[in-house]
Amino acid sequence: MKVETKEFDIPVLCSENECERCQDKLTKALVEVKGISKTEVNDSTLSISFDPNILSIERLEKKTKEIGCTIAEKFTHETLELAGLDCPDCAMKMEKSINRLPGVLWATVNFTSSTLGIEFESEKISLDKVISLVKDLGYQVITDEKDAEISYWEKNKRLMATGVAGLFLLAGFITSFFAASAVVSDFLYAIAIVVGGYFIAKSGFISLRMKTLDMNFLVTIAALAAAFVGQWLEGALVLFLFSVGNTLESYSMERNRRELRSLIDQSPKEAIVMRSGHETRLSVAQIVIGDIAIVKPGEKMPVDGLIVQGSSSVNQAPITGESLPIEKNLGDNVYAGSINGNGSLEVKVTKFASDSTIAKVMTLIERAQEQKAPAQLFTERFGRIYTPTVVLAAALIAFISPLLFNIEFSRSLYIAAVLLVVSCPCALVISVPVAVVSALANAARHGVLIKGGVFLEAAGAVKAIAFDKTGTLTEGRPDVTDIVNCKRYTTDNVLTIASAIESRSEHPIAKAVHRAGIENEIMNLSVSDFEAFPGGGAKADVEGEIYYIGSHRFFEKMELPICDLDRAEGLEDEGKSVLFVGSKAEMVGLIAISDKLRTESVDAIRDLRGMGLKHIAMLTGDNQKTAKIIAGETGVDEYHYELLPEDKVEVVKAMQKDYKDVAMVGDGINDAPALATANIGIAMGAAGTDVALETADMALMADDITKLPYAINLSKRALSIVKQNIVFSMAIIVVLIVTTLFGQLSLSLGVIGHEGSALLVIANGMRLLRTIK
């Protein structure tokens, strides 16, 4: 697939004094980001080459901020809702015109969702100029609720014009049986052409002025050509059938748009908040962190927060796709957009409305619609070459064939007009986006966030999957089972030191150790200078002394003293993970941890095999014995153990050599390099985890591995339907062109074939809105 990259030099500002170190960190961090083909930092300037269809400037800015750098904010991203967009060809025309504007980095118009996504240099072009161009092209940008309140006439003017044109067409047809002369019926047909063709011709000539040729222009020329050779009925019928076809397409697409709007508009606009001891109703935009929101039974959660009073069952389906409500009690997290059950709750706000999980999901859904699948890029490139070629061929048939083959000019002009109508690739253009957007909407409704057509296609093509063990195949809530003390230390000493270090870590095993410390009411020790060694362990200053915690391999690498190795090996034989605790001077003790296998993991892996996956692997930083036990229980094809993050990357690369299309499934936090290396990175349990939402190409919002077979199956179905639509669209074009060239197709039948094929691919694509089992 050809990749269209953009190259830019962007100033970089460092928040650290060590600018060279900061720039080195930036270069290494950007290597992990999909869509970047080249990156270099010199003299505080970032030179970058990337694919804007995969990577947005907004994502690039977030990535640089994560490591303490800031790139100059010279670009702006906007997503605009459009009104009046009534054909896929019109969407392509608008997109092409906007991309020509100086200062526009990237723009895409999605006919299926009726939106415009654009990134531009705010110093070179304003958003007002973009909106002005959209209006010049005959469409409207909805910037607020007032704009959305379109008058009945404005909303239905094309439909009403089509109805009036149909009446004149019918009157002309009836009159032709009774009138002595054809003048009366032809006059009625002419009125039908003017009324029915006004909006079509207006759009067509606007596109011509913008130096593009769309279906409106081609149909207008075809109708005028029919009238010119005396086929007034054909001319009127062409415009009427084309308008009816466009109306049916618009109504079909509106179902898709309603589905997307229902996903995006999940959270309430207002909430009841306690302020100064009184309940006050506020806009969610006015709510601040620390406020207490009152959520009554049956209401939607207005904010992300912690329950500080009350308990209830909460339906999180709008966020995670989970079918059953979850019991929520004091201290539990709740998410904006989820639905409260039968209890009254007081929720302490932990995030601003704009930063809530549902807000981030809504943004990512909008971005996903803007991204184009590889198949869509192919159809659009095909159309850019194909359409001008057909127009040239039609001109040659109309004006050259009478000279070469002794054909009447009226006949050659008519054939050329039919050719213009039937050869426009509208069905081909809409074939991919309607399937992709339908699949994305279905996935989001079931708690699976796919970040665009590129990753939907990648998931559908997957031949092999690599699973991280902890928190993916296992429950991710390990428990401390054994504590072994060395020499002069007690088991309480071991747990106290280990808990102090792990209190600074987010890893599931670290949380288990810290949780055990809290449950055993151990003494709180002061901790500073914490440093994690991904895939190995961690160290920290505890009460003035440096202590380490990690695997046997980590202790050997750091050349730290070891005791009770036989006991450690015995615990590993039981399938437990063993952490060593100690200092440079002596070892303190061992902590054994056990993480249960998810009961659904075996079924999920079996279902994935049933979909034709050739290879399933398990990757873990854990010891060999524990890895072997889990691998045997799940039935994976192979397992790799004692892996550091960079080792997981190498395993994924090796799998890509053997199987080409590889998915990596992890938590989206500790597996970022491997997720970035895989053809598609999938994060589990991403709800409420900002890093996972940002890192992964596909996010399973619920901590539910059974969503993975569903997502892969949906992606494979989508890829199959995309291929069906493309083959069908191109086959219909070939059939219509051949019958036209042999003089066997009339204008009206040509329009029926053209519009009918578009409606069929839309209907086929929208099958993906149904529940996939």
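This is a predicted model, so every value here is computed, not measured. (Residues numbered from 1 in each chain as written. Predicted model: local features only at pLDDT ≥ 70, side-chain atom pairs only at ≥ 80, totals over all residues. Heavy atoms only, no water.)

1. Examining the nonpolar core
In terms of nonpolar packing, the biggest core is built from 50 residues, with Ile465, Phe467, Ile680, Met698 and Leu708 touching the most fellow members. Considering each element in turn, this core owes the most residues, 9 residues, to helix α27 (residues 707-741). Apart from residues no more than four positions distant in its own chain, isoleucine 465 is found in contact with Leu608, Leu613, His615, Ile616, Ala617, Met655, Ala663, Val665 and Leu708. Counting residues in hydrophobic clusters, the runner-up holds 42 residues, among them Val219, Ala394, Leu419 and Leu736. (Core = buried A, V, L, I, M, F, W, Y, C linked by side-chain atoms within 4.5 Å. Buried < 20%, exposed > 50% of the residue type's maximum accessible area, 1.4 Å probe, protein only. Helix = DSSP H or I, 4+ residues; strand = E, 2+ residues; numbered from the N terminus. Contact = heavy atoms within 4.5 Å.)

2. Some remarks on unusual backbone geometry
In terms of backbone geometry, most residues other than glycine have negative phi values and most peptide bonds are trans. The phi torsion at aspartate 529 lies on the positive side, around 55 degrees, for a residue other than glycine. A relative accessible area of 61% means that aspartate 529 is categorised as exposed. Phi is positive for glutamate 642, close to 50 degrees, though the residue is something other than glycine. On the secondary structure map, glutamate 642 appears in the loop between β27 (638-640) and α24 (645-659).

3. Some details on a nonpolar patch on the surface
Together, Phe228, Leu392, Leu396, Phe399, Ile400, Leu403, Leu404, Phe405, Ile407 and Phe409 make up a nonpolar patch on the protein surface, roughly 1100 Å² of accessible area in all. Taken together, the elements giving at least two residues each to the nonpolar patch come down to α12 (374-399) and α13 (401-405). Tracing the backbone through its elements, the reader meets leucine 392 in helix α12. The exposure class assigned to leucine 392 is exposed, which follows from its relative accessible area of 53%. (Patch = residues over 30% accessible without salt bridge, like charges linked within 9 Å, V, L, I, M, F, W, Y side chains within 5 Å. Areas by Shrake-Rupley, 256 points an atom, 1.4 Å probe, with all protein chains shown as cover. Salt bridge = Lys/Arg side-chain N within 4 Å of Asp/Glu carboxyl O.)

4. Remarks on helix α23 (residues 624-634)
Among all positions in α23, only Thr626, Ala627, Ile630, Ala631 and Thr634 are buried. Down the axis, α23 shows its buried residues gathered within 130 degrees of arc, on one side only. α23 presents Lys628 and Gly632 as exposed residues on the side facing more than 90 degrees away from its buried surface. Taking the backbone nitrogen of lysine 625 as reference, a side-chain oxygen 3.1 Å away marks asparagine 623 as the first, capping residue of α23. Immediately downstream of α23, the backbone of glycine 635 shows phi near 80 degrees, a positive value. (Arc of directions from axis to C-beta. Polar contact = N/O pair within 3.5 Å; in protein donor to acceptor, adjacent residues only side chain to side chain.)

5. Things to note about the pattern of salt bridges
Under the criterion given, the structure shown has 15 salt bridges. Two residues, lysine 124 and glutamate 121, come together in a salt bridge whose shortest N-O distance is 3.5 Å. On the basis of relative accessible area, glutamate 121 is assigned to the buried category, the value being 9%.

6. Comments concerning the pairing of strand β25 (residues 587-594)
Among the 8 residues that make up β25, 7 are buried, leaving the element largely enclosed by the rest of the structure. The pairing of strand β24 (residues 577-582) with β25 spans 6 bridges and is antiparallel. Each residue of the ladder has a partner; that of serine 577, found in β25, is isoleucine 593. Following β24, the chain reverses through 4 residues before pairing antiparallel with β25. (Pairing = 2+ DSSP bridges.)

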